[in-house]
2 protein chains.
Amino acid sequence: MTDFDYDLVIIGAGPAGLTAGIYAARARMNVLLLEKAVPGGQIIVTDWIENYPGFPEGISGFDLAEKMILQAEEMGLKIETAGVHSLNLDKDKKEVVLADRTISTKSLIIASGASPKKLGIGEDRYMGKGISFCATCDAPFFKDKTVVAIGGGDTAVQESIYLTKFVKKVFLLHRRDQLRAAKILQERAFASDKIEILWDTVATGVEGLFGIEGVHVRNVKTGEEKTLKADGCFIWVGTLPNAEFLGDDIITDEYGFIRTDGRMETNIPGVYAAGDIRDTPLRQVSTAVGDGAIATLAAEHYIENL
Amino acid sequence: MTDFDYDLVIIGAGPAGLTAGIYAARARMNVLLLEKAVPGGQIIVTDWIENYPGFPEGISGFDLAEKMILQAEEMGLKIETAGVHSLNLDKDKKEVVLADRTISTKSLIIASGASPKKLGIGEDRYMGKGISFCATCDAPFFKDKTVVAIGGGDTAVQESIYLTKFVKKVFLLHRRDQLRAAKILQERAFASDKIEILWDTVATGVEGLFGIEGVHVRNVKTGEEKTLKADGCFIWVGTLPNAEFLGDDIITDEYGFIRTDGRMETNIPGVYAAGDIRDTPLRQVSTAVGDGAIATLAAEHYIENL
């Protein structure tokens, strides 16, 4: 058997990757966790998490991330800041290509997460100049202003409610005639006198010279078009897998999320996926930590039988 | 459609059931959680948990259970102390038979957990004080110590091998003259200089004032009795599903654990299983909370489409 740099390489330091790392480090595996940006994943830009069991008063995403990172490091997990360029996944040898070197590993857990979907209404031009995907990050910049929020799921409604702590008014645009969000969130949104929901409505573009001054909208039932005067636009319409390095060897669903079995194994033996990157029915901290624990167990068993 | 007492009934208030309840209460479902004993599940007798993400210093099982119960109650979850006698699971009507009444529900999550099979050698007294059923949970507490492991199946042998990463020595007791475990596991156990197998040997008791200091053993062929000096005793003679009320309608594996798909759905639409009672690859708090969250999401979707 060839020599390997690692027993296990984990890609991504969100809740799934950190949990996989906690289990692997605790099992004394020779493990490396790679994170291209800041450890913590999407939760570091999540204002408040009240449904991760164990925190009766809720906890900010940033604080929860910090606790998980600390826990992983105290177990002895090595976290390296490095983006993954590509993967070479032979049956017996798995290589992870980084900018400065290529590392080999017996097993691999992909936990690179997902990112907010864009609408193509000017996100790249106006990002940081009025368009945002993160209320926690940007809400304070819109104090006493009017903003547009787009979407109808849990994130859109929850974050719109959060925005009301800062802004004067939120126009919540949803392309359908009812929200998908949890009932309790819907009730809170309906009860807020700062939130006005525009049903059956999509955004078609934004306007403004240096920042956003208005959002163009269209009613999909009546065809009516108008421009909402607004200083900001928050977009919460779904997520895309962070899968740019994946290549074609790993089977995904039609949206690019990695297919796994109940042991988190992909179509390639020894390669696992966990958390938001997986074709999971639910993308939550609770499900990510379960995925991460199972993926490491499966990787351990795989290595024992090599 | 018939009237139902509840949208969702959850059986069992361990981490899986409590998480299902947190999500259901937050989604404003008309939900009832039934627990036959003390809420918290197996973790309330788990001394210390250091691999549930979010608690860098670790947390006692009792404290974690308390936090989860408080969180569920603050979301508005109603928890009732009641054992389930039996289930009537028609396609359109699901009934849960309790001692004093029968309740009807649109959907059902079974999260009644599992229990380690006991030998009657002092498990109740020494649980968390030297006797353990879980190497993943407790091995690190026996660093450089001597432990006794009991069993001859896959779990006993695999976990004994796992123990050798931490402990100085494992006495593996098996009541027969050969192991039942997979050959590859046997080979590894035989190859380890930390594992000494005592054949035809059963444990008859343990001794120690505050924790375990020794394990009494008897050779079933020669009748010879002696005491092994040891600091811990791991018992792997089987796990039993808490399934006495289940009946024959729900498909289980050969050991009685409920079969589910990735959405936690059983063979009966609208009936879900979560946590240790499920045919899951790993029985941990992290995996139970993931199961619970997914089961409630699936139940919500099921009800919406009734």
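All figures in this text were calculated on a predicted structure; none of them were measured in a lab.

Colleague: Sorry if this is basic, but what is going on with the interface of chain B and chain A here?
Modeller: Often the size quoted for an interface is simply the accessible area lost on bringing the parts together. The interface of chain B with chain A comprises 42 residues on the first partner and 42 residues on the second. In total, about 3,900 Å² of surface goes out of reach between chain B and chain A, with carbon and sulfur atoms giving 57% of it. Sorting the residues of chain B by area buried against chain A places Arg26, Pro53 and Pro56 of chain B first, and these three jointly supply 18% of that buried surface. Inspection of the chain B/chain A interface yields three salt bridges. Of the charged contacts in the structure, one is a salt bridge between glutamate 50 of chain B and arginine 26 of chain A, with a shortest N-O distance of 2.8 Å.

Colleague: Please explain the environment of lysine 106 of chain B as it appears in this structure.
Modeller: Residues and elements named next belong to chain B. Following the sequence through the fold, lysine 106 ends up in strand β6 (residues 102–110). C-alpha of lysine 106 to C-alpha of aspartate 5: the two residues are 101 residues apart in sequence and 8.3 Å apart in space. Among the polar contacts listed, one links the side chain of lysine 106 to the side chain of aspartate 7, at a separation of 3.3 Å.

Colleague: Any chance you could explain the domain arrangement of chain A here in plain terms?
Modeller: Residues and elements named next belong to chain A. The domain boundaries assigned to chain A delineate domain 1 (6–115 + 239–304) and domain 2 (123–235). With centres defined by C-alpha atoms, the gap from domain 1 to domain 2 works out at 32 Å. Counting residues at the interface gives five residues for domain 1, matched by seven residues for domain 2. Taking both partners together, domain 1 and domain 2 bury about 450 Å²; carbon and sulfur atoms supply 43% of that area. Interface area lost by domain 1 to domain 2 is led by Val45, Asp47 and Glu50, which between them contribute 84%. Inspection of the region where domain 1 meets domain 2 yields one salt bridge. At the surface where domain 1 touches domain 2, the tally comes to zero residue pairs in polar contact (both at pLDDT 80 or more). When its residues are assigned to classes, the side of domain 1 that touches domain 2 shows two nonpolar, one polar and two charged.

Colleague: Would you mind showing me how to read the pattern of salt bridges here?
Modeller: Any two side chains of opposite charge can pair, so long as their charged atoms come close to each other. All chains considered together, the criterion is met by 29 salt bridges over all chains. Put simply, glutamate 50 of chain A and arginine 188 of chain A hold a salt bridge, and the shortest N to O gap is 3.7 Å. Highlighted residues: glutamate 50 of chain A in the loop between β2 (31–35) and α2 (61–74) and arginine 188 of chain A in helix α6 (residues 183–191), separated in sequence by 138 residues. A residue is classified by how much of its surface remains accessible, and glutamate 50 of chain A, at 19% relative accessible area, is buried. Judged by relative accessible area, which is 35%, arginine 188 of chain A ranks as partly exposed. One salt bridge in this structure joins glutamate 244 of chain B and lysine 36 of chain B, with 3.5 Å as the shortest N-O distance. With glutamate 244 of chain B in the loop between β16 (239–241) and β17 (271–273) and lysine 36 of chain B in the loop between β2 (31–35) and α2 (61–74), the pair connects residues that are 208 residues apart, well separated along the chain. For glutamate 244 of chain B, a relative accessible area of 57% translates into the label exposed. Note on lysine 36 of chain B: relative accessible area 55%, which makes it exposed. Linked through salt bridges whose partners overlap, the residues forming this network are Glu50 and Arg188 of chain A together with Arg26 of chain B.

Colleague: Looking at this structure, how should I read the pairing of strand β1 (residues 6–11) of chain A?
Modeller: Regular strands place side chains that alternate from one sheet face to the opposite one. Residue and element names in this part refer to chain A. Of all six residues making up β1, six are buried, and the element is well covered by its neighbours. For β1 and strand β6 (residues 102–110), the ladder comprises five bridges, and the chain directions are parallel. By the bridge assignment, isoleucine 10 is partnered in β6 with isoleucine 109. Two elements, β1 and β2, share four bridges in a ladder whose sense is parallel. Residue leucine 8 lies in a different strand from β2, and its bridge partner there is valine 31. Once you follow β1 into helix α1 (residues 15–26) and on to β2, the crossover reads as right-handed.

Colleague: How do you make sense of the nonpolar core when you look at a structure like this?
Modeller: Here is a general trend for soluble globular proteins: nonpolar side chains tend to be buried in one another's company. Tyr52 and Leu64 of chain A together with Tyr52, Leu64 and Leu163 of chain B are the most contacted members of the largest nonpolar core, which totals 107 residues. Setting aside chain neighbours within four positions, we find leucine 64 of chain B in contact with Gly54 of chain A together with Ile43, Ile49, Tyr52, Phe55, Ile59 and Val285 of chain B.

Colleague: Mind showing me how you'd approach the sheet that holds strand β8 (residues 131–132) of chain A here?
Modeller: All names here are of chain A. An order of β8-β15-β9-β10-β11 is seen for the five strands of this open sheet, with the pairing classed as parallel. Two strands lie at the open edges of the sheet, namely β8 and β11 (195–198), each paired on one side alone. Helix-sheet contacts for helix α5 (residues 154–163) involve β9 (146–150), β10 (169–173), β11 and β15 (232–235), and the interaxial angle to β10 is about 170°.

Colleague: What is the right way to read a positive patch on the surface from this model?
Modeller: Residue and element names in this part refer to chain A. There is a patch of like positive charges on the surface, built from Lys117, Arg175, Arg176 and Arg180. In this fold, lysine 117 is placed in the loop between β7 (114–116) and α3 (123–126). Residue classification places lysine 117 among the partly exposed positions, given a relative accessible area of 32%.

Basis of the calculations
- Starting from 1, residues in each chain are numbered consecutively following that chain's sequence as written.
- Lettering for chains starts from A, numbering for ligands starts from 1, and both go in the order in which the items are written.
- The predicted nature of this model means local features are confined to residues of pLDDT at least 70 and side-chain atom pairs, given and counted, to a pLDDT of 80 or more, with totals for whole chains, interfaces and linings taken over all residues.
- As a convention, hydrogens and water are excluded, and side-chain values are obtained from all of the structure's heavy atoms.
- The contact rule is simple, with two residues in contact once any of their heavy atoms fall within 4.5 Å.
- Using a 1.4 Å probe, buried area is obtained as the accessible area two parts lose upon being combined, added over both of them.
- Salt bridges are defined by distance alone: a side-chain nitrogen of Lys or Arg within 4 Å of a carboxyl oxygen of Asp or Glu.
- Labels follow the DSSP assignment, with helices taken as runs of H or I lasting at least four residues and strands as runs of E lasting at least two, numbered in each case from the N terminus.
- In protein, a polar contact means a hydrogen-donor-capable atom and an acceptor-capable atom, both N or O and within 3.5 Å, with residues adjacent in sequence counting only if both atoms are side-chain atoms; elsewhere, any N or O pair within 3.5 Å suffices.
- Here the bounds of each domain stem from an automatic or database domain assignment.
- Ten residues, namely Ala, Val, Leu, Ile, Met, Phe, Trp, Tyr, Cys and Pro, are considered nonpolar, four, namely Asp, Glu, Lys and Arg, are considered charged, and the remaining ones, Gly among them, are considered polar.
- Relative accessible area decides the class of each residue, using a 1.4 Å probe on protein chains only: under 20% of the type maximum gives buried, over 50% gives exposed, and in between gives partly exposed.
- Only strands joined by at least two bridges in the DSSP assignment are considered to pair.
- Handedness is read with the strands pointing away from the viewer; a crossover is right-handed when the path from the first strand over the helix to the second is clockwise.
- Side-chain atoms within 4.5 Å link the members of a nonpolar core, which is a set of buried Ala, Val, Leu, Ile, Met, Phe, Trp, Tyr and Cys residues.
- Each axis is a line fitted through C-alpha atoms, and for a helix only the stretch in contact is used; angles between axes span 0 to 180 degrees, taken between their N-to-C directions.
- By definition, no residue in a patch forms a salt bridge, and every one has over 30% relative accessible area; like charges are joined within 9 Å, nonpolar side chains (Val, Leu, Ile, Met, Phe, Trp, Tyr) within 5 Å.
- All accessible-area figures derive from a Shrake-Rupley calculation using a 1.4 Å probe, and residue coverage is judged against the displayed protein chains alone.
- Neither His nor the chain termini are counted; the positive set is Lys and Arg, and the negative set is Asp and Glu.
- In plain terms, the charge of a residue is placed at NZ if it is Lys, CZ if Arg, CG if Asp and CD if Glu.

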